[in-house]
Amino acid sequence: MSQSILVAVAVAYLLLLFAVAWLVERGSGRVSRLTGSSIVYTLSLAVYCSSWTFNGGVGKASQTGLDFLPIYLGPTLAFCLGPIMIRRMLRISHANRITSIADLIGARFGKSGGLAALVTIITVIGLVPYIALQLKSISVGFSALSAGFGPAQPASEPMLTDGALWAAVVLTIFAMLFGSRSISPDEHHPGMVVAVALESLLKLVCLTAIGLFVGYGLFNGFGDLFSQAATIPDIQAVFQEAPANYGYNWIAMTFLAFAAIFCLPRQFQVMVVENTDERHLDRALWLFPLYLLAINLFVLPIAIAGRIMLPVDTDPDNLVLSLPLAAGHPELALIAFLGGLSASASMVVVETTALSLMVCNDVVMPALLRIRSLGLENKPDLTRLLLWVRRLVMVVVMALGYFYMRHDSAPFALVSIGLMSFVAVAQFAPAILGGLFWRGASKAGAFAGITTGFLVWFYTLLIPSFSRSGALGEEFIAHGLFGIELLKPYALFGLEGLDPVTHSTFWTMLANIGAFFFVSLFVRQSPVERARAAMFLGVADPDEEARFWRRTALVPDLMSLTARFLGREKAVAAYASFARTRGVDPATAVQADAETVLFYERLLAGVIGAASARVLVGSIVEEESLGVDEMMRILDETSRVIEANRQLEEKSQALEAATTELKAANARLQVLDRLKDDFVVTVNHELRTPLASIRAFSEILRDNPDLPTDERLDFLRIVVTESERLTRLINQLLDLSKIEATGSMPADKASVDLAAVVRESAASMQQVFAQSRVRLAIKIDADPAFVVGDHDRLVQVVINLLGNAAKFSPPGRGKALLALRRAGEHLELSVTDNGPGIRTEDREVVFERFRQLGDTMSDKPQGAGLGLAISQRIVAQHGGRIWVEGGRDGGAVFKVRLKAARTKAPAAGRIRVPAG
């Protein structure tokens, strides 16, 4: 392609992003409302997916198979812990007006300016290679599209014709326009956020388009692609032959990616600083991992297609561009180029914005304010100075990244450069996590841990990168410092077999965590540091900070100081809002109490950092620190208040639970009232049925004296059967009423042979089964089988169960089985039928009190439950258990289990159980 066309397309694309950001910044129309969208917030988090993802991930997959995945497993794990970790970071940062990762660490450890400056310097050194990675990706893509798909060496091109140089210039201008347009106490950049979200969407669409083209344009679907790959030994080797210490590499890369989510300045910028509503995090917790999955769906197909179709010497990091070019589709290659440009541009703009904020607030401005000869203390307006310092930092950082790319990054793959930066920023993870969750973490420990870890990273990764590029020679890598073998940077202290990144991760984290932990344990915190740690961790409310210092000043002095850095209009508006919340007239307020001083300090912290704000405010206020005893007393008092609030909250939750239980009990009472009515209807039906039968047959016999003798005898037998049924029902009702009234039932206490009970019950029910046309079988595996109890009552139980089986088994093809067997120390009696059965959810409650039976047996004919209610009471009073199971071929199996008797029972007595 023509270089002029490429430049025109790239500039047009960047102008489009500029236009979107400008419309958002103007604050008009639908576009401006995008800043309040959780979708835009989530897409802005995808700035994590830089050219490393778009190009480097494909190159990594083509060389080492699935090794690209841990870079995305780490963020997924971090967002799984989001409700604990990220939400806490959000709340603390918003409460303390924290605007950078350096500010977070410095504010946690006593608002230490030195610690914040250390973090800033390490961040700049560590991220210069990462910015170089993005510029290299742009340069390689530009060279590939304009000169073919062979290997590209951007460092060999003349500087003025290097696409990376002009990309760096354009991106720096873009970052200046939207990262340092104005000074704001909250450092929100809505235009930049929406532009980054749009870029995230574009790079996802572009990579998906290339993936679909590979699957269905170059091959007959992905099945065909993988089938062809399976026949190529080189590709098989990539996925089948795992290198040594493969598991260690995965663990190290997953940890680095996990730490990068909250240690990278650009991630902190979009995730914390640019967050305008904490509720946006709720959607991002699941949507951002889903985005990572979507953007990596086609990484493997593209990588495998590149190995199949392209020459061996093709740059692995350039496969996304090279495949469309090789297939004769330059328009798709242009789409791929725009996707890579989008991925690189969003990362560079946000990263340089975050770095400029850190360097300005924590390094440059504190240094300038200490130089008396500059006379900055007398200048009424420093906002322009702040803006130009930030812009100059952007230029310097971008220049460092560009020169690193030209002279030191050429021999390295994109992923290798990115991982080197990940190890550098991971040195902040112990201090951040320890600071967020461990009150004993001290400033001295944070200093020791970060410094030690950084020095080990510098020795094991950064210096060797210069050696590998030829700047220092290979002797350092091969023989170590001063020729000492134990000091070889890739095999420190004899640890060999790990790849350089995993090796460095192990030693840096060991040194960092060890120094942080042990120094924090053995170096005591000052009272002020302990107080700040308590407030930072939420033991006290952030507003309680005003109680720890007696600070007074004049409001006009504080206003004048703030206006110099923020602008008078913004400073006046901010104080007016604060004063209204306290019921103070901002026009007449003169004396500022401790809370007002703290408000101004936090307002300045959002502009120049917590440490510098502390120094500047301290220069114009009268301050008297509390004594140690008084400070600890306030902390203890606050802790007691918080504990009381916690107990009050627990009582409130208990009250809510009791209210819920009361509502449930009321609902149960309503159900019981309905079931009581159903029970009355059931009993009425059971009484009327035999009475109606007896009356009807009696009238037939009276009105037809000439009936044949056989028919007359049949009618008499039916009358007798119905009379026995009526008698049995009345006895059951009497027994039930006694149970409900007294909780006991008269019963003989003697030795009972259950085998005899089974035979007697079966004999008495033969006629019922014959009339119902149901076959009854008996199986006795225990004879004799003694229990202690009442013979007649147990016969009643078996008859009730048999009657239930006869009633619900299908006439003509019904089958019932009455069985008795031993079960350890118990005897088990069962009645099986092949009727409709009982629903699984009803089996547990089918023997509840008779008031509940109307509902559980609603799918049975009326009258199903009364005998079962009586049976349950009798079995319970014999110390046994009765339940129902599903039959093997349908139907129901009612089982009774009683304890077998070992000796003869005493003479008759009473069995008594508690009521209910």
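To start, this report covers the structure provided alongside it. Everything quoted here is computed from the prediction, not taken from an experiment.

**A closer look at the overall build of the chain**
So, step 1. In terms of regular secondary structure, the chain is built from 37 helices and 12 strands.
So, step 2. Summarising the internal contacts of the chain: among those between residues at least 6 apart in sequence, 81% fall at separations of at least 24.
So, step 3. Accessible area for the chain stands at about 40100 Å²; split by element, carbon and sulfur atoms hold 60% of it.

**Topic: the sheet that holds strand β8 (residues 814–823)**
So, step 1. An order of β6-β8-β9-β11-β10 is seen for the 5 strands of this open sheet, with the pairing classed as mixed. In the strand order of this sheet, the two ends are held by β6 (774–780) and β10 (881–886), each with one partner. Mean inter-strand twist for the sheet, computed between neighbouring axes without regard to direction, equals 15°.
So, step 2. Where β10 and strand β11 (residues 892–899) come together, 6 bridges link them in antiparallel fashion. Of the residues in β11, the one forming a bridge with Val884 is Phe894.
So, step 3. Sheet strands touched by helix α32 (residues 754–764): β6, β8, β9 (826–833) and β11. Its angle to β6, the strand with the most contacts, is close to 165°.

**Re the pattern of salt bridges**
So, step 1. Counted according to the given criterion, the structure contains 12 salt bridges.
So, step 2. Here Arg91 ties to Glu278 by a salt bridge, and the two come within 2.8 Å at their closest N and O atoms. Of this pair, Arg91 sits in helix α6 (residues 86–95) while Glu278 sits in the loop between α14 (265–273) and α15 (280–295), placing them 187 residues apart in sequence.
So, step 3. By relative accessible area, Arg91 is classed as exposed at 52%.
So, step 4. With its nearest N and O atoms 2.8 Å apart, the salt bridge here joins Arg279 to Asp277.
So, step 5. Of the residues examined, Arg279 reaches a relative accessible area of 61% and is grouped as exposed.
So, step 6. Residues joined in a network through salt bridges with shared partners are Arg821, Glu828, Glu885, Lys895 and Arg897.

**Here we look at helix α4 (residues 51–64)**
So, step 1. Between its terminal C-alpha atoms α4 stretches 18 Å, which fits the 20 Å expected from 14 residues at 1.5 Å a residue.
So, step 2. The axis of α4 is deflected most strongly, by about 35°, at Gly57.
So, step 3. Here α4 has its buried residues at Ser51, Trp52, Thr53, Phe54, Asn55, Gly56, Gly57, Val58, Gly59, Ala61 and Ser62.
So, step 4. Gly65 occupies a position one or two residues after α4 and carries a positive phi of about 75°.

**A few points about the environment of Val140**
So, step 1. In this structure, Val140 sits in helix α8 (residues 113–147).
So, step 2. Note: C-alpha distance between Val140 and Leu321 (181 residues apart in sequence) is 9.8 Å.

**A closer look at the packing of aromatic side chains**
So, step 1. If you walk through the whole model with that rule in mind, you get 14 aromatic pairs.
So, step 2. Taken together, a centroid distance of 6.0 Å and an interplanar angle of 85° make the contact between Trp438 and Phe516 edge-to-face. Note that Trp438 is positioned in the loop between α21 (429–437) and α22 (443–468) and Phe516 in helix α24 (residues 500–522), a separation of 78 residues in sequence.
So, step 3. A residue is classified by how much of its surface remains accessible, and Trp438, at 26% relative accessible area, is partly exposed.
So, step 4. Between Phe506 and Trp507, the ring centres sit 5.0 Å apart and the planes meet at 75°, which makes this aromatic pair edge-to-face.
So, step 5. One aromatic cluster in this structure is built from Trp438, Phe516, Phe517 and Phe518.
So, step 6. Directly above the ring of Phe109 sits Arg108, whose terminal nitrogen or CZ lies 4.7 Å from the centroid.
So, step 7. Just above the ring of Trp883 sits the side chain of Arg881; from NZ or CZ to the centre is 4.1 Å.

About the thresholds
- Residues numbered from 1 in each chain as written.
- Predicted model: local features only at pLDDT ≥ 70, side-chain atom pairs only at ≥ 80, totals over all residues.
- Heavy atoms only, no water.
- Helix = DSSP H or I, 4+ residues; strand = E, 2+ residues; numbered from the N terminus.
- Contact = heavy atoms within 4.5 Å.
- Areas by Shrake-Rupley, 256 points an atom, 1.4 Å probe, with all protein chains shown as cover.
- Pairing = 2+ DSSP bridges.
- Axes fitted to C-alpha atoms, helices over the stretch in contact; angles between N-to-C directions.
- Salt bridge = Lys/Arg side-chain N within 4 Å of Asp/Glu carboxyl O.
- Buried < 20%, exposed > 50% of the residue type's maximum accessible area, 1.4 Å probe, protein only.
- Expected span 1.5 Å × (residues − 1).
- Bend = angle between axes of the 7 residues up to and from the residue.
- Phe/Tyr/Trp six-rings, centres within 6.5 Å; stacked < 30°, edge-to-face > 60°.
- Lys NZ or Arg CZ within 6 Å of the ring centre and 35° of its normal.

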